[in-house]
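Here's the letter readout for the chains.
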Amino acid sequence: MTDQPQRHLQLLSVVAPVYNEQELVELFVTRACAAVADFAFELIVVNDGSSDATPQLLDRIAERDPRVRVIHLSRNFGHQAALTAGLEHARGDVVAMIDADLQDPPELIPKMVERWEEGSDVVYAVRKQREGETAFKLATASWFYKLFDKLAQVNLEPNSGDFRLLDRRALDALLAMTERSRFLRGMTVWVGFNQTAVSYERDARHAGETKYTLRKMLRFSLDAITSFSHLPLQLATYVGLLSAGIAFIAIPVVIGLRFADSYLPGFGSVTIAILLIGGVQLIALGVIGEYVGRIYDEVKHRPLYIVREERNAPQAHAGSEDSSEALLPGAAPALLTRAGLPARMR
Ligand code: UDP
Ligand code: MG
């Protein structure tokens, strides 16, 4: 299965994004550090522009524990961008990404590392059950995964989230994907390599409430589908062909009825037809708009996130002026300039 018999871990990076999690950051850091204490590790907590006491709590933790690196983003950039920030700053040869709300047990990471040692490059955690989530969330999540599976060309395990562990090679491949609308769990599958699942029970959120509002969830699903499928775009073609086909069949039928003298001047049906076709056209335009908007975002080439401040940054990073290369030896150069710039805007 692998080229090497057994791999040995040099440094494990654990990356967690947090947004307004003052009730649980301390517990999360304690549990995460305890869970991976047997490895040489760094815990990278990305503060995604929290407006509560989270930043202060994190600063205090970073002061006490040099293994905890804190990256403060300049505002809220969203879960996927925050995760990406953490991944780009990670130095480990193995990187785990995990939610900070303790829904994903950090205690599972050693088991994931074991799979990596056995030769897996991407280890994803599959939740056997999801505690403490609303029926609405469960239903929408299940619809989304079904739809994604139908539309997208990557096979994403239905009950796997962003709780994943990546080998450096897989991570570098992932970071070389510079797209702005990011659906990281799909991207980790897309890169290929050896993929293995480990299962776990997903706990309820330890405290606080979900930071994914319905709007964010909708946006996230649209990002996921548009990044991995062109089918919605092509759908307009199919629907258009279908309705044009019906019209073509209808023309001789209407003419025939006219001559058969059973023709009824149907104002209602014409209005309905116009509304229907108008609606279909607007939907098709909207679908195109979703894609064009994303193309526009890509073309602007804005950084995905901006770092305001970093705590416990590695020596090389804090000291030299041009250090980003030293940090991410394998990553694509285009990405380095983009990822490195914001980090130096302190
Ligand atoms: N999060 C973030 N930025 C955001 C939203 C969420 O960094 O804009 C973090 C959040 O603090 C948590 C993780 O992402 O650690 C997952 O978010 P959440 O638990 O709210 O999502 P859910 O589990 O409900 O899908
Ligand atoms: Mg959660």
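Scroll up a little and you will see the structure.
These remarks concern the structure in this document. What you are looking at is a predicted structure, and each value in this text was computed from that prediction instead of being measured. Residue positions are given per chain, counted from 1 along the sequence in the order it is written. The naming scheme follows written order: chains are lettered A onward, ligands numbered 1 onward. Totals for whole chains, interfaces and linings use every residue, but because this is a predicted model, local features are given only for residues with pLDDT of at least 70 and side-chain atom pairs only at 80 or more, for both listing and counting. Side-chain calculation: all heavy atoms of the structure are included, whereas hydrogens and water are not.

## Focus on the packing of aromatic side chains
Pairs of aromatic rings are described using the distance from one ring centre to the other and the angle between the two planes. The test is simple: Planes of paired rings set the category: under 30 degrees apart is stacked, over 60 is edge-to-face and the rest tilted, where pairs are Phe, Tyr or Trp rings (Trp by its six-membered ring) whose centres lie within 6.5 Å. Comment: the charge-over-ring label is applied if NZ (Lys) or CZ (Arg) is within 6 Å of the ring centre and within 35 degrees of the ring normal.
Counted by the stated rule, this structure contains seven aromatic pairs. Of note, R75 hangs over the ring of F77, and the distance from its end group to the ring centre comes to 3.9 Å.

## Details of the layout of surface pockets
Rules: Here a cavity means grid points, on a 1 Å grid over the protein atoms only, where a 1.4 Å probe fits yet cannot get out; a pocket means an open set of points with protein on both sides within 12 Å along at least five of seven lines; lining residues are those with an atom within 4 Å of a point. Grid points are joined across faces, edges and corners, and a volume is the space filled by probe spheres set on the points. Runs of E in the DSSP output that reach at least two residues are strands. Runs of H or I that reach at least four are helices, and both are numbered from the N terminus. Put simply, Ala, Val, Leu, Ile, Met, Phe, Trp, Tyr, Cys and Pro go in the nonpolar bin, Asp, Glu, Lys and Arg in the charged bin, and everything else, Gly too, in the polar bin.
There is about 450 Å³ of room inside the second largest pocket. Residue lining of the second largest pocket: 18 residues in total, with V239, S243, L276, I277 and V280 positioned closest to the centre. Element by element, the count of residues in the lining of the second largest pocket is highest for helix α9 (residues 231-259), at ten residues. Here the residues of the lining of the second largest pocket are counted per class, giving 15 nonpolar, three polar and no charged.

## So, the site of ligand 1
Operational definition: Put simply, a residue is near a molecule or strand once any heavy atom of it comes within 4 Å of that molecule or strand. For the purposes of these results, a polar contact is taken to be a pair of N or O atoms within 3.5 Å, where, inside protein, one atom must be able to donate a hydrogen and its partner to accept one; residues adjacent in sequence count only when each atom of the pair is a side-chain atom. For the area figures, the Shrake-Rupley method with a 1.4 Å probe applies, and any residue is considered shielded solely by the protein chains shown.
Within the structure, ligand 1 sits among 19 residues, and E21, D48, D101, T210 and K211 are positioned closest to it. Y19 is positioned such that a nitrogen or oxygen atom in its backbone is 3.0 Å from an oxygen atom of ligand 1. K137 has a polar side-chain atom sitting 2.9 Å from an oxygen atom of ligand 1. Against a free-state accessible area of 530 Å², the protein chains account for coverage of 95% of ligand 1.

## Re a nonpolar patch on the surface
Selection rule: Residues enter a patch when their relative accessible area is above 30% and they make no salt bridge; the linking distance is 9 Å between like charges and 5 Å between nonpolar side chains (Val, Leu, Ile, Met, Phe, Trp, Tyr). Note on definitions: salt bridges are taken to be side-chain nitrogens of Lys or Arg within 4 Å of carboxyl oxygens of Asp or Glu.
Side chains of L231, L235, Y238, V239, L241, L276, I277 and V280 sit close together on the surface and give an oily, nonpolar patch of about 710 Å² of accessible area. If you list the elements that add at least two residues to the nonpolar patch, you get α9 and α10 (267-300). With five residues, α9 is the largest single contributor of residues to the nonpolar patch. As for its placement among the helices and strands, L276 is situated in helix α10.

## Looking at unusual backbone geometry
Glycine aside, negative phi is the norm for most residues, and most peptide bonds take the trans geometry. Positive phi, normally seen in glycine, also occurs at N20, with a value near 50 degrees. Turning to its location among the elements, N20 is positioned in the loop between β1 (12-18) and α1 (25-35).

## Considerations on the coordination of the magnesium ion (ligand 2)
Coordination angles at a metal have ideal targets, namely 109.5 degrees for four tetrahedral donors and 90 or 180 degrees for six octahedral donors. Definition in use: Donor atoms (N, O, S) are those found within 2.8 Å of the metal centre, with the cutoff raised to 3.2 Å for Na, K and Ca; water is not part of the atom list, so apparent gaps in a site can occur. Partly exposed residues are those whose accessible area sits between 20% and 50% of the maximum for their type, while under 20% is buried and over 50% is exposed, using a 1.4 Å probe and protein chains only.
Around the magnesium ion (ligand 2), the protein contributes the donor atoms D101 (OD) and Q103 (OE1), at 1.9 Å from the metal centre. Overall, the relative accessible area of 5% leaves D101 in the buried class. For Q103, a relative accessible area of 6% corresponds to the buried category.

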